[in-house]
Amino acid sequence: MTTLITNIKELLQIRDASVNKVSGKEMKHLPSLKNAFLVIENDVITDFGEMKDLPNTKADKQINAKGKMVLPSWCDSHTHIVYAGNREQEFVDRINGLSYEEIANRGGGILNSAKTLQNTSEDELYKQSIIRVKEVMKLGTGALEIKSGYGLTTEAELKMLRVAKRIEKNFPLLVKTTFLGAHALPSEFKNKKNEYLDLVINDMLPKVAKENLADYIDVFCEKGYFSLEDTERILKAGKQYNLIPKIHVNQFNAFGGVALGVKHNALSVDHLEELNTADITSLKGSNTIPVALPSCSYFLSIPYTPARQLIDAGLPLALATDYNPGSTPSGNMNFVVSTACIKMKMTPEEAINAATINGAYAMGLSNECGSITKGKKANLIITKEVPSYGFLPYAFGNNHIDSVILAGKVIS
Ligand SMILES: [Zn+2]
């Protein structure tokens, strides 16, 4: 099956296969071709160029993209998209003045989601989760990282990861899974944190590994949740099973989580709403990519990750949604890209780089997606007719997507 897209107004994010992420000043550059064509064989990009060089390709399907932009689909490297129920009530509680921490202390928050999930069957959890997966695919997401962490019992954590694996198998988007057993301390382990860590390390982790359910390991390293010491214990245990860290750090407090992640060769350190110079220093020269989650800042009214500080220090930055029922009930990467420009002072080029090629790096998928590169998966967004790519984040909240192609097929 050959698909040919012609007359593309601008084909964005053209990269050589050797580029796996972009950092610092390079992020201001978004390589593109005007008046372009693109060829897809089955599910892979096999050729592209300017219309004047259009080869005599016999296509089974032809798409005329006149006036439209084509770019790689979004790579959302941080989500909790598998969950049960919702937390609308807490939304109202917050409007009425309670903080995220106060809600958590009342048995709300992550523990609330965990209770609901524990009482939901695997099939029902799958059914609820794929509604959201289908929705984000339509919004242009072609690669998705999915975390556990709303189970908090061995059985429920395994259930979450099995659902994530079913999503990987049954949908055309690329999926990576992360074991986040240390997301919160279940109430039955109150004042017995070490016992819970023992459960995570000695019971959950071996079972997750045995069923091959996770690519990465994560910890919610935060005051009131898991300390540096706890985090290090988990990361070391994960290493025994070849699980690379991707960790939650610096959401509310900066106390050394970034340096710890770097020390353990974390693929990414995520959140970073609170950031100090020591954090930036520790990231320099490392292979760890910082990930910002602006929808979470928006929803909780907490500070935005200081993107300018990170990028101006020469570092790479990725953007993701953090799609979850408590702090970000939205998986819209288009909104993330707009918010990064509006609130974090990222340029459209920086934000698009952060949501595509750098997002792919942050989930270990650089070889498969994140750019228009021969041999990569044909996961693409075709926009509506827009004046320029800068219009996408500028006209925020509007739907600029005409169609989405995943694994070579038009899905919407
Ligand atoms: Zn998260």
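In short, a report on the structure. Keep in mind that what you see is a predicted model, and the values were worked out from it rather than measured.

### Here's the deal with the overall build of the protein
So, step 1. Check the secondary structure of the protein and you find 15 helices and 16 strands.
So, step 2. By the compact-globule yardstick of 22 Å for 412 residues, the protein fits well, its C-alpha radius of gyration being 21 Å.
So, step 3. Dimensions along the principal axes, computed over C-alpha positions, put the protein at roughly 70 × 45 × 45 Å.
So, step 4. Within the protein, the proportion of its 412 residues that are buried is 59%.
So, step 5. Considering only residue pairs separated by 6 or more positions, the protein has 74% of its internal contacts joining residues 24 or more positions apart.
So, step 6. Carbon and sulfur atoms make up 48% of the accessible area of the protein, which totals about 16300 Å².
So, step 7. Charge separation in the protein, taken as the distance between the mean sites of 46 positive and 45 negative side-chain charges, equals 2 Å.

### Looking at the packing of aromatic side chains
So, step 1. Per the counting criterion, the structure on display carries six aromatic pairs.
So, step 2. Considering the side-chain rings of Tyr83 and Tyr323, the 6.4 Å spacing of their centres and the 75 degrees angle between planes classify their relative orientation as edge-to-face. Separated by 240 residues along the polypeptide, Tyr83 in the loop between β6 (74–76) and α1 (88–95) and Tyr323 in the loop between β13 (318–319) and α12 (333–344) bring together distant segments of the chain.
So, step 3. With centroids separated by 4.5 Å and ring planes inclined at 55 degrees, the aromatic side chains of Phe220 and Tyr225 adopt a geometry described as tilted. An identical accessibility class is assigned to Phe220 and Tyr225; each is buried.

### Some points on the pattern of salt bridges
Between side chains of opposite charge, pairing is possible as soon as their charged atoms come close.
So, step 1. For the structure on display, the rule yields 20 salt bridges.
So, step 2. A salt bridge links Lys28 to Glu350; the nearest nitrogen and oxygen atoms lie 3.2 Å apart. Taken together, the positions of Lys28 in the loop between β1 (2–12) and β2 (32–41) and Glu350 in helix α13 (residues 348–355) put the pair 322 residues apart, joining distant regions of the chain.
So, step 3. Using a relative accessible area of 1% as the deciding quantity, one classes Glu350 as buried.
So, step 4. Close ionic contact of Lys147 with Glu145 constitutes a salt bridge, the shortest N to O distance being 2.8 Å. Taken as a pair, Lys147 and Glu145 share a single burial class, namely buried.
So, step 5. A cluster of three or more residues bridged by salt bridges with shared partners is formed by Lys28, Arg308, Asp312 and Glu350.

### A few points about the coordination of the zinc ion
By definition of the ideal shapes, four donors in a tetrahedron about a metal sit 109.5 degrees apart, and six donors in an octahedron sit 90 or 180 degrees apart.
So, step 1. Coordination of the zinc ion by the protein is provided by His78 (NE2), His80 (NE2), His248 (NE2) and Asp322 (OD), with metal-donor distances spanning 2.1 to 2.3 Å.
So, step 2. Here the zinc ion binds four donor atoms, and the angle range of 83 to 166 degrees at the metal identifies the geometry as irregular.
So, step 3. All donors of the zinc ion belong to a single chain; written as a sequence motif, their spacing is H-x1-H-x167-H-x73-D. Residue His248 is located in strand β10 (residues 244–249), and its partner Asp322 is located in the loop between β13 and α12; the two are separated by 74 residues in the primary sequence.
So, step 4. Judged by its relative accessible area of 3%, His248 falls in the buried class.

### Observations regarding the packing of helix α5 (residues 154–170) against helix α6 (residues 193–210)
Pairs of packed helices are described in terms of their axes, by the angle between the two and the distance that separates them.
So, step 1. Packing of α5 against α6 brings their axes to within 10 Å, and their N-to-C directions diverge by 35 degrees. For the pair α5 and α6, the crossing hand works out as right-handed. For the pair formed by α5 and α6, the contact residues are Thr154, Glu157, Leu158 and Leu161 on the first element and Leu199, Asp203, Met204, Lys207 and Val208 on the second.
So, step 2. Across the contact of α5 with α6, the residue classes break down as five nonpolar, one polar and three charged.

### Things to note about the environment of Ile167
So, step 1. Along the chain, Ile167 falls in helix α5.
So, step 2. Contacts of Ile167, omitting those with residues within four sequence positions, involve Val82, Tyr126, Ser129, Ile130, Val133, Ile146 and Val175.

### Side note on a nonpolar patch on the surface
So, step 1. Among the surface-exposed residues, Phe91, Val92 and Ile95 lie close enough to one another that they form a single nonpolar patch of about 280 Å² accessible area.
So, step 2. Here Phe91 is to be found in helix α1.
So, step 3. In this structure Phe91 comes out as partly exposed when scored by relative accessible area, which is 40%.

### Thoughts on the state of the cysteines
So, step 1. Applying the stated criterion across every chain yields a total of zero disulfides.
So, step 2. Take Cys296: it sits in no disulfide, and the sulfur closest to it among the cysteines is that of Cys221, at 16 Å.
So, step 3. Residue Cys296 is classed as buried on the basis of its relative accessible area of 0%.
So, step 4. Looking at the unpaired Cys341, the closest cysteine sulfur is the one in Cys75, lying at 17 Å.
So, step 5. You can call Cys341 buried: its relative accessible area is 16%.

Conventions and cut-offs
- Starting afresh in each chain, residues are numbered from 1 along the sequence in its written order.
- For a predicted model such as this one, the threshold for reporting local features is a pLDDT of at least 70, and the threshold for listing and counting side-chain atom pairs is 80 or more; totals across whole chains, interfaces and linings nevertheless cover every residue.
- Hydrogens and waters are ignored; side-chain quantities use all the structure's heavy atoms.
- Think of it this way: any DSSP run of H or I at least four residues long counts as a helix, any run of E at least two long counts as a strand, and we number them from the N terminus.
- Here the radius of gyration uses the C-alpha set of atoms, whereas the globule reference equals 2.2 Å times the residue count to the power 0.38.
- Type-normalised accessible area, obtained with a 1.4 Å probe on protein chains alone, sets the label of each residue: buried when under 20%, exposed when over 50%, and partly exposed for intermediate values.
- In this analysis, two residues are considered to be in contact whenever any of their non-hydrogen atoms come within 4.5 Å of each other.
- Surface accessibility in these figures is a Shrake-Rupley result with a 1.4 Å probe; residues are shielded only by whichever protein chains are displayed.
- In this tally, Asp and Glu contribute negative charge and Lys and Arg positive charge; neither His nor the terminal groups of the chain are included.
- For the purpose of locating charges, the reference atoms are NZ of Lys, CZ of Arg, CG of Asp and CD of Glu.
- Working definition: rings of Phe, Tyr and Trp (its six-membered ring) pair if their centres are within 6.5 Å, and the pair is stacked with planes under 30 degrees apart, edge-to-face with planes over 60 apart, and tilted otherwise.
- The salt bridge definition used is simple: a Lys or Arg side-chain nitrogen within 4 Å of an Asp or Glu carboxyl oxygen.
- Coordination here is defined by N, O and S atoms within 2.8 Å of the metal (3.2 Å for Na, K and Ca), and since water is not considered, a site can look incomplete.
- Square planar and octahedral sites, with four and six donors, are those where opposite donors lie more than 155 degrees apart and all other angles lie between 65 and 115, tetrahedral sites have four donors with every angle between 85 and 135 degrees, and the rest are irregular.
- Helix axes are fitted to C-alpha atoms over the stretch in contact, other axes to C-alpha atoms as well, and angles between N-to-C directions run from 0 to 180 degrees.
- Handedness of each helix crossing follows the sense of rotation of the near helix against the far helix: counterclockwise by less than a right angle gives left-handed, clockwise gives right-handed.
- Three residue categories are used. Nonpolar comprises Ala, Val, Leu, Ile, Met, Phe, Trp, Tyr, Cys and Pro, charged comprises Asp, Glu, Lys and Arg, and polar comprises the others, including Gly.
- Each patch is built from residues that are more than 30% exposed by relative accessible area and take part in no salt bridge. Like charges join if they lie within 9 Å; nonpolar side chains (Val, Leu, Ile, Met, Phe, Trp, Tyr) join within 5 Å.
- Counting rule for disulfides: a pair of cysteine sulfur atoms within 2.5 Å.

This is a description of form; function is not addressed.
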